[in-house]
Amino acid sequence: MYLGIIQFDLLIPGSSSLKDKRRVVRSVKDRLHREHMVAVAEVGGMDVWNVARMGLAAVSSDGKHLSDVLDRVLAKLHSLPDWASGAAEASLGDFSKQIISAGQVESDEAGGDGEPLWTPDERRGE
């Protein structure tokens, strides 16, 4: 299993309010999720009108496929003004891309021993 992460800044210089910013952020999040099946969230700069720190994550069993997906997402973000309706004033700022294999992640105590987290009865809500 592989986990792909992109952290990026969405620059929105024309925004004059948090409402303007939220409109642009929502447009970008929805489009990336719909077209690439990735999870996207605003993770920083919540009170700043003209910059949104965004986090994007995807999971795959194939590291090469995951890398290709993240590269397509970054290409789309580089061409942001051309595709995001209502986000013509937005552009990609700093970004980082990382792919982590399951072997690189330490498991925590909850379920880290290979035992199921829930019994079959607990899963059924009994």
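See the structure printed just above.
These figures come from a predicted structure and were not determined experimentally.

Colleague: Explain the packing of helix 1 (residues 18–36) against helix 2 (residues 63–78) to me, using residue names and the numbers behind them.
Modeller: At their nearest, the axes of helix 1 and helix 2 sit 11 Å apart, and the two run at 145 degrees to each other. Considering how the two elements wind past one another, helix 1 and helix 2 form a crossing that is right-handed. Counting all contacts with helix 1, which are made through Val 28, Leu 32, Glu 35 and His 36, the residues of helix 2 involved are Val 69, Arg 72, Val 73, Lys 76 and Leu 77. Looking at the contact of helix 1 with helix 2 residue by residue, the class counts come to five nonpolar, one polar and three charged.

Colleague: I'd like to hear about the sheet that holds strand 2 (residues 39–44), residue by residue, with values.
Modeller: Taken together, four strands build an open sheet; the order of strands is 2-3-1-4 and the sheet is antiparallel. Since the sheet does not close on itself, it has two edges, and those belong to strand 2 and strand 4 (91–101), each with one partner. Going across the sheet, the axis of each strand differs from the next one's by a mean of 20 degrees, ignoring polarity. By the bridge criterion, five bridges tie strand 2 to strand 3 (residues 51–60) in an arrangement that is antiparallel. Pairing of Glu 42 across the sheet is with Met 54, part of strand 3. Sitting on the sheet, helix 1 is in contact with strand 1 (2–11), strand 2 and strand 3, with an inclination near 15 degrees to strand 3. The sheet contacts of helix 2 involve strand 1, strand 3 and strand 4, and relative to strand 4 the element is tilted by about 175 degrees.

About the criteria used
- Residues numbered from 1 in each chain as written.
- Predicted model: local features only at pLDDT ≥ 70, side-chain atom pairs only at ≥ 80, totals over all residues.
- Heavy atoms only, no water.
- Axes fitted to C-alpha atoms, helices over the stretch in contact; angles between N-to-C directions.
- Helix = DSSP H or I, 4+ residues; strand = E, 2+ residues; numbered from the N terminus.
- Left-handed = near helix turned anticlockwise from the far one by under 90°.
- Contact = heavy atoms within 4.5 Å.
- Nonpolar A, V, L, I, M, F, W, Y, C, P; charged D, E, K, R; others polar.
- Pairing = 2+ DSSP bridges.

Remember that the coordinates give geometry; whether it matters functionally is a separate question.
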